[in-house]
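Here is how the chains run, residue by residue.
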Amino acid sequence: LGLADSLYRQKNLERAEVHYREALDLDRADERNWSAYAKFLSRTDRFAQAKPLFERAMELAPSDSKYQIDLGAALFREGAFADAARVFEGAMPYDEAAGVALSNAGASYYLANDFERACAMLQSAAFAHQDKYQMWGNLADCCRFVNFCEAPSSTYYQKALGLALS
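Conventions used here
- The numbers attached to residues start from 1 for each chain and follow its sequence in the written order.
- Residues qualify for local features only when their pLDDT is at least 70, as the model is predicted, and side-chain atom pairs are given and counted only at 80 or more; totals for whole chains, interfaces and linings, by contrast, use all residues.
- With hydrogens and water set aside, each side-chain value is computed from the structure's full complement of heavy atoms.
- Think of it this way: any DSSP run of H or I at least four residues long counts as a helix, any run of E at least two long counts as a strand, and we number them from the N terminus.
- Burial classes: relative accessible area under 20% of the type maximum marks a residue as buried, over 50% as exposed, and values in between as partly exposed (1.4 Å probe, protein chains only).
- Contacts between residues were defined by any pair of non-hydrogen atoms, one from each residue, lying within 4.5 Å.
- Only the protein chains shown count as covering a residue, and every accessible area follows the Shrake-Rupley method with a 1.4 Å probe.
- Grouping buried Ala, Val, Leu, Ile, Met, Phe, Trp, Tyr and Cys residues that are joined through side-chain atoms within 4.5 Å yields what is termed a nonpolar core.
- When a carboxyl oxygen of Asp or Glu is within 4 Å of a side-chain nitrogen of Lys or Arg, the pair counts as a salt bridge.
- The convention used is that axes are lines fitted to C-alpha atoms, helices contributing only their stretch in contact, and that angles between N-to-C directions extend from 0 to 180 degrees.
- Any angle that is under 35 degrees is reported as roughly parallel, and any over 145 degrees as roughly antiparallel; angles of 65 to 115 degrees are reported as roughly perpendicular and all others as oblique.
- The sense of a crossing depends on the near helix, which, turned anticlockwise from the far helix by less than a right angle, makes the crossing left-handed and, turned clockwise, makes it right-handed.
- Under the scheme applied, nonpolar residues are Ala, Val, Leu, Ile, Met, Phe, Trp, Tyr, Cys and Pro; charged residues are Asp, Glu, Lys and Arg; polar residues are all the others, including Gly.
- What a helix is expected to span follows from its residue count: subtract one and scale by 1.5 Å.
- Under the pairing criterion, centres of Phe, Tyr and Trp rings, with the six-membered ring standing for Trp, must be within 6.5 Å; the plane angle then separates stacked pairs below 30 degrees from edge-to-face pairs above 60, leaving the rest tilted.
- We call a charge positioned over a ring when the NZ of a Lys or the CZ of an Arg lies within 6 Å of the ring centre and within 35 degrees of the ring normal.

Caption draft 1: Quick look at the overall build of the protein. Scanning the protein for helices and strands turns up ten helices and zero strands. Ordered by position from the N terminus, the helices and strands of the protein form the series α-α-α-α-α-α-α-α-α-α. Seen along its three principal axes, the alpha-carbon backbone of the protein occupies a region of about 55 × 30 × 25 Å. The burial tally for the protein puts 43% of its 166 residues in the buried class. Once local pairs closer than 6 in sequence are excluded, the contacts in the protein between residues at least 24 apart make up 41%. For the protein, the exposed surface amounts to about 8900 Å²; the carbon and sulfur share of it is 50%.

Caption draft 2: Expanded view of the nonpolar core. Tyr20, Tyr37, Leu53, Phe54, Leu139, Cys149 and Tyr156 are the most contacted members of the largest nonpolar core, which has 50 residues in total. When residues in this core are grouped by element, the largest group, seven residues, is from helix H8 (residues 115–128). Residues within four places of tyrosine 37 in sequence aside, it is in contact with Glu17, Tyr20, Arg21, Leu24 and Leu53.

Caption draft 3: Up close: the pattern of salt bridges. All chains considered together, the criterion is met by eleven salt bridges. The shortest N-O distance in the salt bridge between lysine 39 and aspartate 70 comes to 3.8 Å. With a gap of 31 residues between them, lysine 39 in helix H3 (residues 31–43) and aspartate 70 in helix H5 (residues 65–77) connect regions that are remote in the sequence. Pair check on accessibility: lysine 39 and aspartate 70 agree, each one buried.

Caption draft 4: Just the packing of helix H7 (residues 99–111) against H8, in detail. Packing of H7 against H8 brings their axes to within 8 Å, and their N-to-C directions diverge by 155°. Relative to H8, H7 is oriented roughly antiparallel. The handedness of the crossing between H7 and H8 comes out as left-handed. Taken together, the residues of H8 that come into contact with H7 (itself represented by Leu102, Ser103, Ala105, Gly106, Ala107, Tyr109 and Tyr110) are Phe115, Arg117, Ala118, Met121, Leu122, Ser124 and Ala125. Tallied by class, the residues present in the contact of H7 with H8 amount to ten nonpolar, three polar and one charged.

Caption draft 5: Region of the structure containing helix H10 (residues 153–165). The end-to-end C-alpha distance of H10 is 18 Å, a good match for the 18 Å that 13 residues give at a rise of 1.5 Å each. In this structure, the buried residues of H10 make contact with H8 and helix H9 (133–143).

Caption draft 6: Seen up close, the packing of aromatic side chains. If you walk through the whole model with that rule in mind, you get ten aromatic pairs. With 6.4 Å between their ring centres and 20° between their planes, tyrosine 37 and phenylalanine 40 make a pair best called stacked. With a gap of three residues between them, tyrosine 37 and phenylalanine 40 both fall in helix H3, about one helical turn apart. What makes tyrosine 37 buried here is its relative accessible area of 8%. Between phenylalanine 115 and phenylalanine 145, the aromatic rings sit 4.4 Å apart at their centres with planes inclined by 15°, giving stacked as the arrangement. One end of the pair, phenylalanine 115, is in helix H8; the other, phenylalanine 145, is in the loop between H9 and H10, and 30 residues separate them in sequence. Phenylalanine 145 sits in the partly exposed class, given a relative accessible area of 41%. Each member of the aromatic cluster is reached from another via a ring pair, and the members are Tyr8, Tyr20, Tyr37 and Phe40. Stacked on the ring of tryptophan 34, the Lys or Arg arginine 56 has its end atom at 6.0 Å from the ring centre.

This is how it looks when you write it as structure tokens:
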């Protein structure tokens, strides 16, 4: 996989794909091989081919949030925000401290125009990770659209700015 990743970064996509496939053929029981090839396919605009590979990685390692987060990120890139949010939510029980999955689910719901769910998740993420300015900024953006946030959006923007400048 290291060689395939290196070739991908060098934009040698044809050779990279050969090595991703070879890694998968050498060890089909390793979820990392399925996920790496799926990410490659997704990044090269072949999401329809990538999705079953992401799903296979998730089947091989059902309690590892990384593979669910990878699929969610691919769905997000495809613009399938509601689907991405559901996948990120599914990863939350396995995501240590639920940071990445929770924040990504919130962002996905935000882009799917489900602001109440988005804000609830972004608020949980911000309060759980109080030192991450991005989470506070995302929460502030979302709170502009709903009325149930604990504070006005300007309070969260100020918090984000303070953290970013420190």
